[in-house]
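Here are the chains, one letter per residue:
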Amino acid sequence: MKRRAFLQRTVRGSGVLFAGGLGLLSWAPRSVAATIQVALGVHAGYAPMVDGTSAYMVTFSGGSSVEFPGPTIVCREDDLVSISIQNPLSINAVFHVGRTAIRHTVGAGSSVNFDFEAPPAGTYLYYDDQNSGVNRSMGLHGTLVVMPAGSDNRSFSDGPTFVRQYKWLLASVDPAWGEHLANSGVAAIGGIDPDSFSPRYFTINGRSFDQTDEPNTHIKGLVGDATLIRLLNAGGMVNSPHFHGNHVEIVSLNGSNSSGARKKKDIVSMFPLDCRDVLLPMATPPDAWPPASGAQHFPMHCHAEMSQTAGGGFYPHGMHASITIGEAPTSEPQLD
Amino acid sequence: MSHGMDGGNCPAGITGTCGLHLDSPATPGRVTPDIEFFRNTFMDGNQVINGVNVPIWGFNEGGGMGGGGMGGGMGGGMGGALPSSPIRVKEGQIVHTHLTTMMAPHTIHHHGIEPDTFNDGVGHYSFDVDGSYTYQWRASQAGTYFYHCHLNTVLHAEMGMYGALIIDPPGGPGTAFTGGPSYDVEAIWAVDDIDMAWHCLPWDAALCGGDARLNDFNPDLFCINGLGEDLTETDSSVAITAAAGESILLRYIMAGYVPQRVNFPAGLGDVYIIAEDGRPLPQAQLVPAGGSVLMTPAERYEFLIQPGSPGTYPVDIRFYDYRAVSGALRQIGGIRSTVTVN
Ligand SMILES: [Cu+2]
Ligand SMILES: [Cu+2]
């Protein structure tokens with residue numbers, strides 16, 4: 001058994017920083033591996049949408065009510081991740097880490113505890129894989145980030161260095177599915193046809209534009225501050241994030257790391273379950289004339305433009321977040 | 001400027017300006033350009049695509065009817081054509097794109113071009129053009145791009161407000177980019193999907209909220225450069241003709257909203273992707289003979305094709321529903337063109 005420090009992972013409702021900043025501590029370099037303890041609950045309830053409505057969702061949460069998306073789990077290679085899940089609902093829930101064999105079932109009205117060794121450094125979606133993607137699309141998902149041991153500025157041991165990193169967890173929400181569960185009970189989830197999905201809300205880190213204008217989602221940096229963005233698609237549609245201002249370099253694609261010359265894209269294809277890490281060079285916009293001076297502000301938005309709506313219109317209050325080139329963030333981003 | 005004209009007997013009128021920043025400012029740091037383009041908007045177009053009369057909006061070349069030319073739409077009726085005519089410049093040139101909005105405000109976003117915020121054409125970060133504006137930018141990298149309106153984009157791009165944008169290397173056409181491969185034959189395909197249920201909505205549909213079902217896209221018509229499947233296999237503006245031994249550069253602009261897969265027939269031999277999204281690949285990427293490439297909205301691919309033997313080869317493009325909860329893509333349509341090797 002490896003020697004590990006013990007880090008209590010305190011999780012909480014969305015919108016607040018982790019108590020004591022332990023999220024940051026868990027990916028800062030440290031001399032010994034640790035046990036990262038995470039307590040999750042499975043909850044159903046209403047989550048607010050950008051147009052003032054709410055959608056009934058089922059989620060993993062660190063608190064006692066619905067939390068969309070679920071908490072980000074951050075660890076490093078060699079860590080042991082120790083998870084406890086309480087499930088008060090009347091349906092089984094599954095905790096599965098994509099691209100791994102890690103999969104545990106939490107029976108209805110019961111709880112489980114399990115440990116797993118951190119998988120190789122990278123970005124992973126954890127989710128409930130039941131019902132052909134329906135449970136995941138209802139909100140049962142979150143992010144697992146594994147940092148390389150001994151590094152806080154690369155996403156894998158010989159990857160490119162970054163100044164700061166962000167996570168953009170994409171999702172799409174069909175409130176009609178939620179209403180069905182609210183009216184018929186969560187057990188009705190098994191009867192939902194995955195092909196009946198008709199999303200009306202489109203989110204990054206659980207938020208639609210312009211509620212994405214918060215420190216963990218609005219990307220900022222000084223010119224030259226290379227920025228790693230971990231993109232995940234937990235939703236039920238094919239997304240096509242488009243970067244204005246700078247092309248990005250594709251660093252990792254579903255666990256396949258690019259160590260040499262990297263492909264540059266202004267579109268990053270995101271099929272359901274995809275995890276793609278990209279590097280935003282935070283360069284002065286190359287086609288500006290005269291050369292740009294002062295902070296420059298750009299959107300990143302999905303180009304499957306249906307995702308730019310909320311409730312059938314209200315453009316551009318969808319899967320859209322801002323990028324500011326030439327201005328440091330006032331508070332450093334967390335991966336939460 | 002007159003608001004509220006009909007487009008294809010559909011009301012294109014403007015009632016609300018929620019979240020918009022209407023303006024027609026002077027261009028900051030304006031210099032004499034190396035090349036310039038004039039684009040006027042229209043919202044009263046009609047184009048027959050595979051026998052269907054489609055109400056369209058777009059950009060005309062200033063002072064007259066648009067359409068025609070390489071990569072430009074053919075068969076446009078009153079108003080203008082889908083797609084709008086191409087913008088083609090050389091790497092290093094300072095470009096002016098003069099936009100004059102008729103009927104209602106619009107913008108031009110040069111997609112893949114990275115100018116400063118003021119010239120990026122995104123109203124929420126700068127302004128929406130009500131009147132006229134001259135976008136100023138400098139072409140830094142040869143490649144395949146496009147331009148489109150970025151106001152209520154979900155609707156305006158669907159209505160046809162887009163056109164090809166090509167940057168040639170300093171020496172002009174014939175070479176894809178500096179240090180890149182040369183080509184003998186060039187084709188530009190802008191491949192789009194159309195949901196007729198969206199083509200009779202006003203300019204500001206649901207811009208202030210409300211439900212115009214702009215989240216629900218079910219294309220029933222497909223086109224390449226604005227031509228439907230009745231013409232794409234034969235019309236010389238799409239179908240490619242080359243002599244054996246010639247190199248073909250196919251600039252593919254994914255102009256739709258749902259995933260597309262382009263399938264190259266084995267008879268064409270190996271195909272190479274030499275650039276994506278206006279950037280040369282670090283290494284050309286092989287699409288083995290008979291292979292295919294799956295794309296998502298607004299990607300661009302530069303395919304180098306070097307067919308060995310004479311024949312007519314079909315290139316099939318398939319479209320899939322964007323909703324894929326289970327991960328499986330469901331095909332919803334297709335269109336075909338051809339490469340004829342003499
Ligand atoms: Cu427009
Ligand atoms: Cu675009």
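(A) Molecular detail of the nonpolar core. Membership of the largest hydrophobic core comes to 110 residues, with the highest contact counts inside it found for W168 and F243 of chain A together with W189, Y252, F264 and F303 of chain B. Ranked by size, the runner-up nonpolar core spans 39 residues in total, among them V38, V42, F116 and L181 of chain A.

(B) Representation of the coordination of the copper ion (ligand 2). Taken together, the protein donors to the copper ion (ligand 2) comprise H303 of chain A (NE2), H111 of chain B (ND1) and H148 of chain B (NE2), at separations of 2.0 Å. Remark: H148 of chain B occurs in strand β11 (residues 143-148) and H111 of chain B occurs in strand β8 (residues 109-111); sequence separation between them is 37 residues. Classification of H111 of chain B as buried rests on a relative accessible area of 0%. Looking at H148 of chain B, the relative accessible area reads 0%, which means it is buried.

(C) Representation of the pattern of salt bridges within the structure. Residue and element names in this part refer to chain B. Enumeration according to the criterion identifies 26 salt bridges over all chains in this entry. Across the pair R300 and D277 runs a salt bridge, and its minimum N-O distance is 3.7 Å. In this pair, R300 is assigned in strand β21 (residues 300-305) and D277 in the loop between β18 (271-276) and β19 (279-287), connecting sequence segments 23 residues apart. Taken individually, R300 and D277 each receive the classification buried, so the pair is uniform in this respect.

(D) Up close: the coordination of the copper ion (ligand 1). Residue and element names in this part refer to chain B. Looking at the metal site, the copper ion (ligand 1) is ligated by H106 (ND1), C149 (SG) and H156 (ND1), spaced 2.0 to 2.1 Å from it. Mapping the donors of the copper ion (ligand 1) onto the primary sequence gives the spacing H-x42-C-x6-H. Of the two residues, H106 sits in the loop between β7 (94-100) and β8 while H156 sits in helix α1 (residues 153-156), which places them 50 residues apart along the sequence. Side by side, H106 and H156 carry an identical accessibility label, which is buried.

(E) Structural view of the state of the cysteines. Residues and elements named next belong to chain B. Following the criterion strictly, the structure yields one disulfide over all chains and no others. Disulfide pairing places C18 opposite C208 at an S-S distance of 2.1 Å. Taking the torsion about the sulfur-sulfur bond, which here is approximately 100°, the covalent link between C18 and C208 counts as right-handed. One end of the pair, C18, is in the loop between β2 (10-11) and β3 (22-23); the other, C208, is in the loop between β13 (185-194) and β14 (221-224), and 190 residues separate them in sequence. The class of C208 is partly exposed, set by a relative accessible area of 43%.

(F) Quick look at the confidence of the model for chain B. All names here are of chain B. Summarising the model, chain B shows a mean pLDDT of 92, and 91% of its residues fall at 70 or more. A low-confidence stretch, residues 64-77 stays under pLDDT 50, and its non-local contacts, those more than four residues away or across chains, total 39 contacts. Taken together, the chains of this predicted complex give a pTM of 0.94 and an interface ipTM of 0.93.

(G) Structural detail: the sheet that holds β18 of chain B. All names here are of chain B. The strand order across the open sheet built from six strands is β14-β13-β16-β21-β18-β19, with neighbouring strands paired in mixed fashion. Edge strands, defined here as strands with exactly one partner in the open sheet, are β14 and β19. The average angle at which neighbouring strand axes cross in this sheet is 20°, direction not considered. Bridge analysis of β18 against β21 gives five bridges, and the strand direction is antiparallel. Among the inter-strand pairings, V271 is bridged to a residue of β21, identified as I305.

(H) How the structure looks around the pairing of strand β12 (residues 201-204) of chain A. All names here are of chain A. Here β12 shows two buried faces, one formed by Y201 and T203 and the other by F202 and I204. Across four bridges, the pairing between strand β11 (residues 164-173) and β12 is antiparallel. Bridge assignment links V173 to a residue of β12, and that residue is Y201.

(I) Spotlight on the interface of chain B and chain A. Taken together, the contacts link 62 residues of chain B with 61 residues of chain A. Carbon and sulfur atoms make up 57% of the area that chain B and chain A hide from each other, which totals about 4900 Å². The largest share of the area that chain B buries against chain A comes from E114, Y125 and V325 of chain B, three residues that together contribute 18% of it. Between the two partners, chain B and chain A, sit seven salt bridges. Between D277 of chain B and K265 of chain A there is a salt bridge whose closest N-O contact spans 3.4 Å. Linking chain B with chain A are 43 residue pairs in polar contact (both at pLDDT 80 or more).

(J) Quick look at the layout of surface pockets. For the second largest pocket, the calculated volume is near 420 Å³. Lining of the second largest pocket is provided by 26 residues; of these, I250, L253, K263 and R276 of chain A together with E276 of chain B occupy positions nearest its centre. In the lining of the second largest pocket, the residues fall into 13 nonpolar, seven polar and six charged.

(K) How the structure looks around the domain arrangement of chain A. All names here are of chain A. When the domains of chain A are assigned, the result is domain 1 (9-147) and domain 2 (164-325). Its C-alpha centre places domain 1 at a distance of 20 Å from the equivalent point of domain 2. Both faces considered, domain 1 and domain 2 share a buried interface measuring about 3200 Å² in area, 69% of it formed by carbon and sulfur atoms. The largest contributions to the domain 1 side of the interface with domain 2 come from V50, Y56 and T123, which together make up 19% of the buried area. In this assembly, domain 1 and domain 2 are joined by nine residue pairs in polar contact (both at pLDDT 80 or more).

What counts and what doesn't
Residues numbered from 1 in each chain as written. Chains lettered and ligands numbered in written order. Predicted model: local features only at pLDDT ≥ 70, side-chain atom pairs only at ≥ 80, totals over all residues. Heavy atoms only, no water. Core = buried A, V, L, I, M, F, W, Y, C linked by side-chain atoms within 4.5 Å. Buried < 20%, exposed > 50% of the residue type's maximum accessible area, 1.4 Å probe, protein only. Donors = N, O, S within 2.8 Å, 3.2 Å for Na, K, Ca; no water. Helix = DSSP H or I, 4+ residues; strand = E, 2+ residues; numbered from the N terminus. Salt bridge = Lys/Arg side-chain N within 4 Å of Asp/Glu carboxyl O. Disulfide = S-S within 2.5 Å. pLDDT = per-residue confidence, 0-100. Contact = heavy atoms within 4.5 Å. Pairing = 2+ DSSP bridges. Axes fitted to C-alpha atoms, helices over the stretch in contact; angles between N-to-C directions. Buried area = accessible area lost by both parts, 1.4 Å probe. Polar contact = N/O pair within 3.5 Å; in protein donor to acceptor, adjacent residues only side chain to side chain. 1 Å grid on protein atoms, 1.4 Å probe; cavity = no way out; pocket = protein on both sides within 12 Å on 5 of 7 lines; lining within 4 Å. Points joined across faces, edges and corners; volume = space filled by probe spheres on them. Nonpolar A, V, L, I, M, F, W, Y, C, P; charged D, E, K, R; others polar. Domains from an automatic or database assignment.

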